[in-house]
2 protein chains.
Amino acid sequence: MKYQEVALAIEQSIRKQNLAQGTRLPSLSQLSTTYDASKTTMVKALAILEGRGIIFQVQGSGIFVRLKARDNYIPLTTNTGFTTDLGTHLITAKLLEFKVQKPSEDLIRDFNCDPDEDFFFLKRKRYIDKKVLCIENSYFRQKVVPYLNEEIANESIFGYLDKVLNLKVGFSDKYLQANVLTEAEAKLLELPLNAPGFYIDELFYSTTGIPFDFSQNVYHYKNAHFFLQSINK
Amino acid sequence: MKYQEVALAIEQSIRKQNLAQGTRLPSLSQLSTTYDASKTTMVKALAILEGRGIIFQVQGSGIFVRLKARDNYIPLTTNTGFTTDLGTHLITAKLLEFKVQKPSEDLIRDFNCDPDEDFFFLKRKRYIDKKVLCIENSYFRQKVVPYLNEEIANESIFGYLDKVLNLKVGFSDKYLQANVLTEAEAKLLELPLNAPGFYIDELFYSTTGIPFDFSQNVYHYKNAHFFLQSINK
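Procedures and definitions
Residues numbered from 1 in each chain as written. Chains lettered and ligands numbered in written order. Predicted model: local features only at pLDDT ≥ 70, side-chain atom pairs only at ≥ 80, totals over all residues. Heavy atoms only, no water. Helix = DSSP H or I, 4+ residues; strand = E, 2+ residues; numbered from the N terminus. Expected span 1.5 Å × (residues − 1). Buried < 20%, exposed > 50% of the residue type's maximum accessible area, 1.4 Å probe, protein only. Arc of directions from axis to C-beta. Contact = heavy atoms within 4.5 Å. Polar contact = N/O pair within 3.5 Å; in protein donor to acceptor, adjacent residues only side chain to side chain. Core = buried A, V, L, I, M, F, W, Y, C linked by side-chain atoms within 4.5 Å. Salt bridge = Lys/Arg side-chain N within 4 Å of Asp/Glu carboxyl O. Buried area = accessible area lost by both parts, 1.4 Å probe. Nonpolar A, V, L, I, M, F, W, Y, C, P; charged D, E, K, R; others polar. Pairing = 2+ DSSP bridges. Domains from an automatic or database assignment. Phe/Tyr/Trp six-rings, centres within 6.5 Å; stacked < 30°, edge-to-face > 60°. Least-squares fit on C-alpha atoms with pLDDT ≥ 70 in both.

Engineer: Please give an account of helix H1 (residues 2-17) of chain A that cites residues and values.
Structural biologist: Taking 1.5 Å as the rise per residue, H1 of chain A with 16 residues should run 22 Å; its terminal C-alpha atoms sit 23 Å apart, in good agreement. Those residues of H1 of chain A lying buried are Tyr3, Val6, Ala7, Ile10, Glu11 and Ile14 of chain A. On an axial view of H1 of chain A, the arc spanned by its buried residues comes to 135°, and they lie on one face. Across H1 of chain A from its buried face, at more than 90 degrees, point the exposed residues Glu5 and Lys16 of chain A. Buried residues along H1 of chain A sit in contact with helix H3 (39-51), strand S1 (55-58) and strand S2 (62-65) of chain A together with helix H3 (39-51) of chain B.

Engineer: Tell me about the environment of glutamate 117 of chain A, and name the residues and values.
Structural biologist: All names here are of chain A. On the secondary structure map, glutamate 117 appears in the loop between helix H5 (105-111) and strand S5 (119-128). Distance from glutamate 117 to glutamine 142, taken between C-alpha atoms, is 7.4 Å for residues 25 residues apart in sequence. Polar contacts involving the side chain of glutamate 117 include one to the side chain of arginine 141, which spans 2.8 Å.

Engineer: Give a detailed account of the nonpolar core, specifying residues and quantitative values.
Structural biologist: Counting 50 residues, the largest nonpolar core has Leu176, Phe198 and Phe226 of chain A together with Leu176, Phe198 and Phe226 of chain B as the members making the most contacts within it. In this view, phenylalanine 198 of chain A contacts Leu176, Gln177, Asn217, Val218, Tyr219 and Phe226 of chain A together with Leu176, Gln177, Ala178 and Phe198 of chain B; residues no more than four positions away in its chain are not counted.

Engineer: Account for the pattern of salt bridges, naming residues and giving values.
Structural biologist: Close approach of charged atoms allows side chains of opposite charge to pair. Counted under the stated rule, the structure contains 26 salt bridges over all chains. Across the pair aspartate 110 of chain B and arginine 109 of chain B runs a salt bridge whose closest N-O atoms are separated by 3.0 Å. Judged by relative accessible area, aspartate 110 of chain B falls into the buried class, the value being 14%. Within this structure, Asp106, Arg109 and Asp110 of chain A form a network of salt bridges that share partners.

Engineer: Give a description of the interface of chain A and chain B that names residues and reports values.
Structural biologist: Every contact between the two is made by 60 residues of chain A and, on the other side, 59 residues of chain B. Where chain A abuts chain B, roughly 5600 Å² becomes buried across the two surfaces, and 59% of that area is made up of carbon and sulfur atoms. With a shortest N-O distance of 3.2 Å, aspartate 173 of chain A and arginine 66 of chain B are connected by a salt bridge. Along the contact surface separating chain A from chain B lie ten residue pairs in polar contact (both at pLDDT 80 or more). Elements with a minimum of two residues in the side of chain A that touches chain B: H1, H3, S1, strand S7 (169-180), strand S8 (196-206) and strand S10 (226-231) of chain A. Sort the elements by how many residues they give to the side of chain A that touches chain B and S7 of chain A lands first, with twelve residues. Looking at side-chain class alone, the side of chain A that touches chain B contains 27 nonpolar, 22 polar and eleven charged residues. By the bridge criterion, six bridges tie S7 of chain A to strand S10 (residues 226-231) of chain B in an arrangement that is antiparallel. For serine 172 of chain A, the partnering residue across the bridge sits in S10 of chain B and is serine 230 of chain B.

Engineer: Account for the domain arrangement of chain A, with residues named and values stated.
Structural biologist: Domain annotation of chain A identifies domain 1 (2-65) and domain 2 (74-227). The centre of domain 1 of chain A, based on its C-alpha atoms, is set 32 Å off from the matching centre of domain 2 of chain A.

Engineer: Please give an account of the sheet that holds strand S5 (residues 119-128) of chain B that cites residues and values.
Structural biologist: Strands sit in the order S3(A)-S10(A)-S7(B)-S8(B)-S9(B)-S6(B)-S5(B)-S4(B) across an open sheet of eight strands; the sheet is mixed. In this open sheet, the two strands that pair with only one neighbour each are strand S3 (74-75) of chain A together with strand S4 (91-101) of chain B.

Engineer: A description of the packing of aromatic side chains should follow, citing residues and the corresponding values.
Structural biologist: One pass over the structure, following the stated rule, counts 21 aromatic pairs over all chains. A centroid spacing of 5.4 Å and a plane angle of 20° characterise the contact between phenylalanine 56 of chain A and phenylalanine 64 of chain A, whose relative ring orientation is stacked. Pair check on accessibility: phenylalanine 56 of chain A and phenylalanine 64 of chain A agree, each one buried. In this structure an aromatic cluster arises from ring pairing among Phe198, Tyr219 and Phe226 of chain A together with Phe198, Tyr219 and Phe226 of chain B.

Engineer: Tell me about the relation of the copies chain A and chain B, and please be specific about residues and values.
Structural biologist: Once chain A has been moved 0.0 Å along the axis and rotated by 180°, it coincides with chain B to within an RMSD of 0.1 Å. Given the turn and translation reported, the copies of this chain are related as if by a two-fold rotation axis. Of the residues that chain A buries at the interface, 98% are likewise interface residues in chain B, meaning the two copies contact each other through the same surface.

Engineer: Which residues make up unusual backbone geometry, and what values do they have?
Structural biologist: Residues and elements named next belong to chain A. Backbone geometry places lysine 130, a non-glycine residue, at a positive phi of 70°. By the element assignment, lysine 130 lies in the loop between S5 and strand S6 (131-141). Positive phi values are uncommon outside glycine, yet asparagine 166 reaches one of about 55°. Here asparagine 166 is to be found in the loop between helix H7 (157-163) and S7.

Engineer: Report on the side chain of serine 215 of chain B, specifying residues and quantitative values.
Structural biologist: All names here are of chain B. Residue position: serine 215 is located in strand S9 (residues 211-220). Of the polar contacts made by the side chain of serine 215, one reaches the side chain of serine 138; its length is 2.9 Å. Leaving out residues up to four positions away in the same chain, serine 215 has contacts with Glu136, Asn137, Ser138, Ile200, Asp201, Glu202 and Phe204.

Engineer: Residues and numbers for the sheet that holds S7 of chain A, please.
Structural biologist: In space, the eight strands of this open sheet follow the order S4(A)-S5(A)-S6(A)-S9(A)-S8(A)-S7(A)-S10(B)-S3(B), with mixed pairing throughout. Edge strands, defined here as strands with exactly one partner in the open sheet, are strand S4 (91-101) of chain A together with strand S3 (74-75) of chain B. Here S4 of chain A pairs with S5 of chain A via ten bridges, running antiparallel. In the strand pairing of S5 of chain A, phenylalanine 98 of chain A is matched with leucine 122 of chain A.

Engineer: Lay out the environment of lysine 143 of chain A in plain terms, naming residues and giving numbers.
Structural biologist: Residues and elements named next belong to chain A. As for its position among the elements, lysine 143 is in the loop between S6 and helix H6 (150-153). On the basis of relative accessible area, lysine 143 is assigned to the exposed category, the value being 66%. For the pair formed by lysine 143 and aspartate 118, sequence separation is 25 residues and the distance between their alpha carbons is 7.6 Å.

The structure is reproduced here in structure tokens:
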């Protein structure tokens, strides 16, 4: 959609110019002219950027740049896969397990699906700049993702879904907690027994609102820190 | 602003009616009539709701309800303080320390402030339904929050800021990680030595973009789970 394109263009322009927090952007009407967009489109684009923590708007005062303060934190608000989110880092994956299986009761509830549907199960170890990042257990719904293989699973799966299947993430639900690693997790993450883990369960939906992937990730507590920019209601 | 009021009214209507995930809402023009809002205001309100994970929009198809799937998770996208976020639970605080101090180097950097500014430092233990929720270390900037006392610190500080000082949170930056609790933290959280902690550092800004509170919170890993709803770029 046009407003999404405009939002992305403004974001890229802010990053390219390396604008500081609090820098005032041109007015709504100036931006409309620059990006050849209607006022309605621009209002939508700015609201998206505000929701994503890229700008803030002060009534009667203007539109200002908002930027994260700390480097090397993984953003929690995007969901385009690590390979996109962490573009400046080397993200790699090692496939540990790959099979087709029926859904558990939890999956049936999360996907609101038929117990007879097939799911691809993948267990992967992921690395950031060759350091262990996380262990990932993913369940892809065959009804939406009809084909996967081991070669694809060793690369960016979301890149494949986008480019080959034209399947884009519309939104996702994330659940986060800290817990003590299991013995198997500690071994895979190369951490001592009873070390902490940062757990994120995530359910991904298509742009039409169909859930197609559930991932249970446990992160290396030293190699993975996260950030999130909130706006008020 | 009008669009924020409309967004809040639509959200409350969805909750009040207990609408299921995927329920189609009325069209943009119908909503504009219902809420007596211009199309531009409604587009803005819907973009805010989309950004906050309350609805999703499918091009050419409509506006749909989006809801969190699991109960008893603390939302990470709002920042109105626990007392508001966790309205159905009993949230209480016990003040452990209260003093006025100068900022550390980290605080000077985070607030971009003068080293001579005064800050209120508060250490609080917070409870959810009488169970330990977290230990909170907060630094309130006197330049923006001129008065606090021990009585206020035992209640909802954000409620006081809003009602008495008319100071509202515009947005916040959150930094999250898991780590091993320090001995002092474990004791305060009533957890064994070397138990994991869920750490959130948060910098709160006013609606005009001025940082006024930095909080370092460590959560009880069994009593605090979090959720977050993302949208795609």
